[in-house]
Amino acid sequence: MPNHHEPTTTPNQAPSEQSSPTPSRRLDARSLRGLAHPLRMRIFELLTLDGPATATRLAARLGENTGTVSWHLRHLAEHGFIEEESGRGTRRERWWRRVGASNDLYTADFRDDPDSRGPLSLYLHELVQLYFNRVTDYVNGDWDDTWRRAGTLADWHDLRLSPEQLAALNAELSEVVARHTPPPDAAPAPGALPVVVQLQSFPREERGAG
């Protein structure tokens, strides 16, 4: 998914992007509308997390028709989110991969554009659902005790911060994740598995006890 800025960054990089300087682009209204579709977002997530795939493989994962998935893949490619993997596959069975660049989404860019409110709302709600599904998959997974002890679902609710303090907190947490992200050419540690880090930090409206 794109890096979502409001105004801080939530890192979300394809496997080949981690810990290396990569180009980035700031999403505009057209590219947002190209991504803001539930199935396209699920397709893009699978290509980001699991690497290249064909329409047939993605359709099997998603329980969708191959022709439908192929149409959405072409749509994502048209808007620059994915590209065909050259030198692999055939004319009938093409492999697709995420483009090796980060996508930055600043919600403030669309504040004065009424035509973008619908796609932006759909995108944000679907993004929350995708994050929820990742947590649910972890909770329902058959993990051994070692991985169960290593994972965590945490909640801190006793902070009172200014916008500047919240932004600083998010920046520092992002730096911690970056320090633990190995370079793409590093050999995985013994027993290593792909790990997802989800950071959700935001203000809430204050309500009186009465």
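Residues numbered from 1 in each chain as written. Predicted model: local features only at pLDDT ≥ 70, side-chain atom pairs only at ≥ 80, totals over all residues. Heavy atoms only, no water.

Secondary structure summary: the protein contains seven helices and six strands in total. Reading the secondary structure of the protein in the N-to-C direction produces β-β-α-α-β-α-α-β-β-β-α-α-α. When the 210 residues of the protein are sorted by exposure, 30% land in the buried category. Look at the contacts in the protein between residues 6 or more apart in sequence, and 68% of them connect residues 24 or more apart. (Helix = DSSP H or I, 4+ residues; strand = E, 2+ residues; numbered from the N terminus. Buried < 20%, exposed > 50% of the residue type's maximum accessible area, 1.4 Å probe, protein only. Contact = heavy atoms within 4.5 Å.)

Side chains that are nonpolar tend, in soluble globular proteins, to be buried together. Core analysis: the largest hydrophobic core is formed by 29 residues, its most contacted members being Ile43, Leu47, Leu58, Leu73, Ile82 and Tyr123. Every element with two or more residues in this core is listed here: helix H1 (29-35), helix H2 (38-50), helix H3 (55-62), helix H4 (66-78) and helix H5 (114-140). Sorting elements by how many residues they give to this core places H2 first, with six residues. If sequence neighbours within four positions are ignored, leucine 73 has contacts with Ile43, Leu47, Ala55, Leu58, Ile82 and Trp96. (Core = buried A, V, L, I, M, F, W, Y, C linked by side-chain atoms within 4.5 Å.)

Let's shift gears to the packing of aromatic side chains. Tallying each qualifying case throughout the model produces three aromatic pairs. With centroids separated by 5.7 Å and ring planes inclined at 70°, the aromatic side chains of phenylalanine 44 and phenylalanine 81 adopt a geometry described as edge-to-face. Separated by 37 residues along the polypeptide, phenylalanine 44 in helix H2 and phenylalanine 81 in the loop between H4 and strand E4 (82-89) bring together distant segments of the chain. Phenylalanine 81 carries the same exposure label as phenylalanine 44, and that label is buried. Between tryptophan 143 and tryptophan 147 the ring centres are 6.4 Å apart and the planes differ by 55°, which places this aromatic pair in the tilted class. (Phe/Tyr/Trp six-rings, centres within 6.5 Å; stacked < 30°, edge-to-face > 60°.)

The next point concerns the pattern of salt bridges. Overall, the coordinates contain nine salt bridges when judged by the stated rule. The residue arginine 30 makes a salt bridge to glutamate 78 at a minimum N-O spacing of 3.6 Å. Taken as a pair, arginine 30 in helix H1 and glutamate 78 in helix H4 lie far apart in primary sequence, 48 residues in all. Exposure remark for arginine 30: the relative accessible area of 44% places this residue in the partly exposed category. (Salt bridge = Lys/Arg side-chain N within 4 Å of Asp/Glu carboxyl O.)

Moving on, we get to the packing of H3 against H4. Close contact between H3 and H4 brings their axes to 8 Å; oriented N to C, the two are set at 115°. The angle between the axes of H3 and H4 places the two elements in the roughly perpendicular class. Between H3 and H4 lies a crossing of right-handed hand. When H3 is examined against H4, the residues Ala55, Thr56, Leu58 and Ala59 are found in contact with a partner set consisting of Thr66, Val69, Ser70 and Leu73. Of the residues assigned to the contact of H3 with H4, the class counts are five nonpolar, three polar and no charged. (Axes fitted to C-alpha atoms, helices over the stretch in contact; angles between N-to-C directions. Parallel < 35°, antiparallel > 145°, perpendicular 65-115°, else oblique. Left-handed = near helix turned anticlockwise from the far one by under 90°. Nonpolar A, V, L, I, M, F, W, Y, C, P; charged D, E, K, R; others polar.)

Time to look at the environment of tryptophan 71. Tracing the sequence through the fold places tryptophan 71 in helix H4. For tryptophan 71, a relative accessible area of 45% translates into the label partly exposed. Residues tryptophan 71 and alanine 55, 16 residues apart in the sequence, show an inter-C-alpha distance of 9.2 Å.

When you line up the elements, leucine 73 lands in helix H4. Each C-alpha atom of the pair leucine 73 and alanine 55 lies 7.6 Å from the other, and the pair is 18 residues apart in sequence.

For any two helices packed against each other, one specifies the inter-axial angle together with the distance between the axes. One way to put it is that H2 packs onto H4 with a least axis distance of 10 Å and a crossing angle of 75°. On the basis of their axis angle, the class for H2 and H4 is roughly perpendicular. Along its contact with H2, which presents Leu39, Arg40, Ile43, Phe44 and Leu47, the element H4 presents Thr68, Val69, Trp71, His72, Leu73, His75 and Leu76. Each residue belonging to the contact of H2 with H4 can be placed in one class, and the counts come to eight nonpolar, three polar and one charged.

With 89% of its residues at a pLDDT of at least 70, the protein reaches an overall mean of 88. Segment residues 5-20: pLDDT under 50, and 44 contacts once partners within four positions in sequence are set aside and those in other chains are kept. (pLDDT = per-residue confidence, 0-100.)

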